[in-house]
Amino acid sequence: MAHLKLALLLFFSSLACVVGISAAQAGPTDDPYAAYKYSRDMPQSVEDWVLARSRMDADPAWKKWVDSERVRLQRWQARGGDHPDWVAGYMHDYFDPATLKEMQWTEDTPLPPTGLPGTPEAKRFGGWVFYFRTRNASYVLLAARLFKLTGDRQALDWARSQIDLYTRQYSRWPMQTRAGSKTRLMSSSLDEAQVMVMLVPAIRLIQADVPAKELARWKSNLIVPSARNLLDSFNGFNNISVWQRGAVASMALLLNDSALWHEAVWGDRGVAAILRAATTRDGLWNEGTFGYSEYVVYALLPFLHEAAVYGKQNEVEPIRQAAHNLLVAPLALRFPDGTLPNPGDNRGEPMAFNRYLLREAAYLLPTQVGVVEWLSAKTWPRLYVDWNPEISAPAPLPLESRRMDDTGFAMLRHQGWHLFLHFGQASRNHAQYEALSFELHHDQGRIVTDLGTTVYSSPLHQNYFTRAAAHNVPIIDDRGQYRFTLGQLLSFEPALGRMSAQQPDYQPGVSVTRQFMLDAQSVTDVIEVNRSQAPDGTIGTILHMDCDLALPKLQGATRPSLPAESGFGYWKQTGTYRLPARFEFNATCGTMVLSVQVEGPAEGVMLVGKPPVLDKRNRSAIYVRYPVSQGRIQTMYTLVGPVQAGAAAME
């Protein structure tokens, strides 16, 4: 989600009865994520501009940093600001039609051709406007901060000009109704909420220096109609609704509207109700991706900040605690190299330690790593927040086995292996067809991985990265799971290095169980397929490895191509080979050499290809398929070559 930092570049164990975290997580002594949190002193004030000015005046380094911020604003202002004729489009339409991959937007990216309405060019133009307007709003907030800190009238005048533009144009831009939204400033309620959480604090910072009629116009012609549109755009208990309600809550504080505040925060569709419905008992977001867990935290940060500015921090403390868990819970599932597993619709490779987010959240949701980052950087919150935490170095964070039954995740760690199993989905939102998929790392590197996905409008997302062929899953009749269900973790024995899970309705009339057994030298993966009907059919498994494969010489099969079902058509350089019931090949994965042994219920076919990638990694995919309707497939990964000893894990 590349637009997270764009949207928030410059802004930066909940109580069970309120937000739905289990009672076991409510007390500090029972908090399973306590090791990741910094739980000492909290800020005296989240915004102290007298303190900020004294810090700037007393410290030349702070003065130099503020000057650099002014230069950054002036460089952006030279672009001319936003334009009334630009109608915002969908960020996910901003992709390269040749590669089908996301295009990178920077502040220097020129205005593209507008294109004719409805054409791909027009959609790309709308995507460009999304990025520009989101970035422009962040600079409006920067200008307001500079004025508040230094009295810079030029910054004030520019901020007013942009807010005036949005106020005049709000009723003139077309109403957009994508996915049930009602918005004008942006193309969706999600995007409009992200812009408003920057414009609202900007208005708050400068309102005392704006003529009363102008301020009233901003509120009546921009804030009030946007708030109503966001409330009317509710489309379920999901990440988008958190953004909507969080933004409206901030608007309510600016408007001094207690009824609107109550509706946005404590109503049946308010922030607290959404968290109660969409946070699993494991403390994770139920949409099943770590990117969206982060996304919800990003949504809650401006809400929590504004609540504290207006003295409501005690009222929203249960929500803050839930956000704290959402921030740190994924850390428990990290791999030794600092990456996270990649289930669901996550764009790119998620990192456990998102240092930008941990730093920006530190004064509201403190973590050991976040506090260290906070103390080492110069940022706006670091300048104006009255907080001086003390920490020498982050304490070592444990790498432990963890089951998260309510989310469909399990991480098994044993004798140097780290195996993540995604056994099912708690929500269909942002789910992919990957039940019973797994990822495998060793202390010294990655072996079996998941790439995530690209922008949602791309055919690569819709027809490949969300489908079975992109994942390490069991395959029934050339297809993966047919509907999203949570499944069940049948056993979890970290001390023995064993776990198993089941999807009883993987395909109609088909139950699939997957078991893993880990020891010092090997990982054994056993898939068992049971079918209650249809005596004919095929079973198989897919394996994606970031390794160089030395495949055995096999006889070519008569079938020349990969099946069209489930995204296989995107594999390139494909080959199809006859396969004995048992075969073996070597894989070189970084410093490791593994023997991979696959044993099936009969002779079969192996389909080999080069799958799409989102970076420059070397990746190979194998699909082994057997002409039986049910049975057992066993794959064993055995270390046979050197593993570097003593290499430091990257965190």
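Below is a short write-up of the structure. (Residues numbered from 1 in each chain as written. Predicted model: local features only at pLDDT ≥ 70, side-chain atom pairs only at ≥ 80, totals over all residues. Heavy atoms only, no water.)

## Quick notes on the overall build of the chain
Basically, it comes down to this: Strands here are runs of E lasting at least two residues and helices are runs of H or I lasting at least four, both read from the DSSP assignment and numbered beginning at the N terminus. Our radius of gyration is a C-alpha quantity, and the globule rule it is checked against amounts to 2.2 Å times the number of residues to the power 0.38. Burial here depends on accessible area, computed with a 1.4 Å probe over protein chains only, as a share of the maximum for the residue type. Under 20% is buried, over 50% is exposed, and the range in between is partly exposed. For every accessible area listed, the method is Shrake-Rupley and the probe measures 1.4 Å; residues are considered covered only by the protein chains on display. Positive charge is attributed to Lys and Arg, negative charge to Asp and Glu, and no charge count is given to His or to the chain ends. Every charge is mapped onto a representative atom, which is NZ of Lys, CZ of Arg, CG of Asp or CD of Glu.
Of regular secondary structure, the chain possesses 17 helices and 18 strands. Its C-alpha atoms give the chain a radius of gyration of 26 Å, within 12% of the compact-globule value 26 Å for 651 residues. Expressed as lengths along the three principal axes of its C-alpha atoms, the size of the chain is roughly 80 × 60 × 45 Å. The buried share among the 651 residues of the chain stands at 61%. For the chain, the computed accessible surface area is about 23900 Å², with 51% contributed by carbon and sulfur atoms. Side chains of the chain carry 64 positive and 64 negative charges; the gap between the two charge centres is 4 Å.

## Focus on the sheet that holds strand 9 (residues 510–518)
Condition: Strands were regarded as paired on the criterion that DSSP finds at least two bridges between them. Simply put, an axis is a line fit to the C-alpha atoms, just over the touching stretch for a helix, and the angle between two N-to-C directions goes from 0 to 180 degrees.
Judged by pairing direction, the sheet is antiparallel, and its 8 strands sit side by side in the order 7-8-9-10-18-15-14-12 without closing on themselves. The sheet is open, and its two edges are formed by strand 7 (488–493) and strand 12 (548–550), each paired on a single side. The average undirected angle you get between the axes of adjacent strands in this sheet is 15 degrees. Here strand 8 (residues 498–507) pairs with strand 9 via 7 bridges, running antiparallel. When the sheet's bridge partners are listed, arginine 498 is paired in strand 9 with methionine 517.

## Examining the packing of helix 4 (residues 60–77) against helix 5 (residues 120–150)
What counts, and what does not: The scheme is simple: roughly parallel for angles under 35 degrees, roughly antiparallel for over 145, roughly perpendicular for 65 to 115, oblique for anything else. The hand of a helix crossing depends on one turn: near helix anticlockwise from the far one by less than a right angle means left-handed, and clockwise means right-handed. Pairs of residues are marked as contacts when any of their non-hydrogen atoms sit within 4.5 Å. Gly counts as polar in this scheme, as do all residues outside two lists: the nonpolar Ala, Val, Leu, Ile, Met, Phe, Trp, Tyr, Cys and Pro, and the charged Asp, Glu, Lys and Arg.
Across the interface, helix 4 lies against helix 5 with an axial gap of 10 Å and an inter-helix angle of 140 degrees. With respect to helix 5, the axis of helix 4 lies oblique. Seen along the crossing, helix 4 lies across helix 5 with a hand that is left-handed. Of helix 5, the residues touching helix 4 (which contributes Val66, Glu69, Arg70, Arg72, Leu73 and Trp76) are Phe132, Arg135, Asn136, Tyr139, Leu142, Ala143, Leu146, Leu149 and Thr150. Taken together, the residues of the contact of helix 4 with helix 5 break down into 9 nonpolar, 2 polar and 4 charged.

## With respect to the environment of threonine 106
With respect to the secondary-structure elements, threonine 106 resides in the loop between helix 4 and helix 5. In the structure, threonine 106 is positioned 26 residues away from phenylalanine 132 in sequence and 8.9 Å away in space, judged by C-alpha atoms.

## Overview of the environment of arginine 355
Rules: Two N or O atoms form a polar contact when they lie within 3.5 Å of each other; inside protein one atom must be a possible hydrogen donor and the other a possible acceptor, and for residues adjacent in sequence the pair counts only when both atoms belong to side chains.
Inspection of the secondary structure assignment puts arginine 355 in helix 14 (residues 355–360). For the pair arginine 355 and glutamate 317, spaced 38 residues apart in sequence, the C-alpha to C-alpha distance is 24 Å. A distance of 3.2 Å separates polar atoms of two side chains, one belonging to arginine 355 and the other to glutamate 373.

## So, the side chain of glutamine 425
Structurally, glutamine 425 can be placed in the loop between strand 3 (417–422) and strand 4 (437–442). Only 2.9 Å separates the side chain of glutamine 425 from the backbone oxygen of glutamine 432, close enough to count as a polar contact. Those residues in contact with glutamine 425, other than ones at most four positions away along the chain, are Ala431, Gln432, Glu434, Ala435, Gln481, Phe484, Thr485 and Leu486.

## Comments concerning the state of the cysteines
Note the threshold: The criterion for a disulfide is a pair of cysteine sulfur atoms lying within 2.5 Å.
Summed over the entire model, instances satisfying the criterion amount to 1 disulfide. The disulfide that involves cysteine 547 links it to cysteine 589, with 2.0 Å between the sulfurs. Between cysteine 547 and cysteine 589, the disulfide has an S-S torsion of 100 degrees and is therefore right-handed. With cysteine 547 in the loop between strand 11 (539–545) and strand 12 and cysteine 589 in strand 14 (residues 582–589), the pair connects residues that are 42 residues apart, well separated along the chain.

## Here we look at the pattern of salt bridges
Put simply, the rule reads: By salt bridge we mean one thing: a side-chain nitrogen of Lys or Arg within 4 Å of a carboxyl oxygen of Asp or Glu.
If you walk through the whole model with that rule in mind, you get 32 salt bridges. Lysine 63 is paired through a salt bridge with aspartate 67; the nearest N and O atoms lie 3.1 Å apart. Here lysine 63 and its partner aspartate 67 are both found in helix 4, 4 residues apart, which amounts to about one turn of the helix. A relative accessible area of 40% places lysine 63 in the partly exposed class.

## Regarding helix 9 (residues 239–255)
Where we set the bar: Under the convention used throughout, the expected extent of a helix is 1.5 Å for every residue step, that is, one less than its residue count.
Here helix 9 contains 17 residues, and its C-alpha end-to-end distance of 24 Å stays within 8% of the 24 Å for a straight helix at 1.5 Å per residue. Counted residue by residue, helix 9 has 15 buried out of 17 residues, so it is predominantly covered. For helix 9, the capping residue at the N-terminal end is asparagine 238, with a side-chain oxygen 3.1 Å from the backbone nitrogen of isoleucine 240. Following helix 9 by one or two positions, asparagine 256 adopts a phi angle in the positive range, close to 55 degrees.

## Observations concerning the packing of helix 11 (residues 271–278) against helix 13 (residues 317–328)
Running from N to C, helix 11 and helix 13 point in directions that differ by 40 degrees, and their axes come no closer than 11 Å. In terms of orientation, helix 11 lies oblique with respect to helix 13. Here helix 11 runs over helix 13; the crossing is left-handed. Judged by residue contacts, Val271, Ala272 and Leu275 of helix 11 engage Ile319, Ala322 and Leu326 from helix 13. Its residues placed into classes, the contact of helix 11 with helix 13 shows 6 nonpolar, no polar and no charged.

## A look at the pairing of strand 18 (residues 631–639)
With 8 bridges connecting them, strand 10 (residues 522–531) and strand 18 associate as antiparallel partners. Within strand 18, the residue paired with serine 522 across the bridge is threonine 638. With 6 bridges joining them, strand 15 (residues 592–599) and strand 18 adopt antiparallel strand pairing. Bridge assignment links glutamine 597 to a residue of strand 18, and that residue is methionine 636.

## Description of the packing of aromatic side chains
Stated precisely, the cut-off is as follows: Under the pairing criterion, centres of Phe, Tyr and Trp rings, with the six-membered ring standing for Trp, must be within 6.5 Å; the plane angle then separates stacked pairs below 30 degrees from edge-to-face pairs above 60, leaving the rest tilted. Here, a charge over a ring is recorded when the distance from Lys NZ or Arg CZ to the ring centre is within 6 Å and its angle to the ring normal is within 35 degrees.
With the rule as written, the count across this model stands at 32 aromatic pairs. Ring geometry for tyrosine 38 and tryptophan 387: centres 6.3 Å apart, planes at 75 degrees, overall edge-to-face. Residue tyrosine 38 is found in the loop between helix 2 (16–19) and helix 3 (49–58), and its partner tryptophan 387 is found in the loop between helix 16 (380–384) and strand 1 (402–404); the two are separated by 349 residues along the sequence. Tyrosine 38 sits in the buried class, given a relative accessible area of 4%. These aromatic residues form a ring-pair network of at least three members: Trp76, Trp86, Phe125, Trp128, Phe132 and Tyr139. Note that arginine 133 overlies the ring of tryptophan 173, its terminal NZ or CZ placed 4.2 Å from the centroid.

## Quick look at the side chain of serine 511
Among the structural elements, serine 511 can be located in strand 9. A polar contact of 3.2 Å, which involves the side chain of serine 511, links it to the side chain of glutamine 502. Apart from residues lying up to four places away in sequence, serine 511 is in contact with Gln502, Gln503, Pro504, Glu528, Val529 and Asn530.

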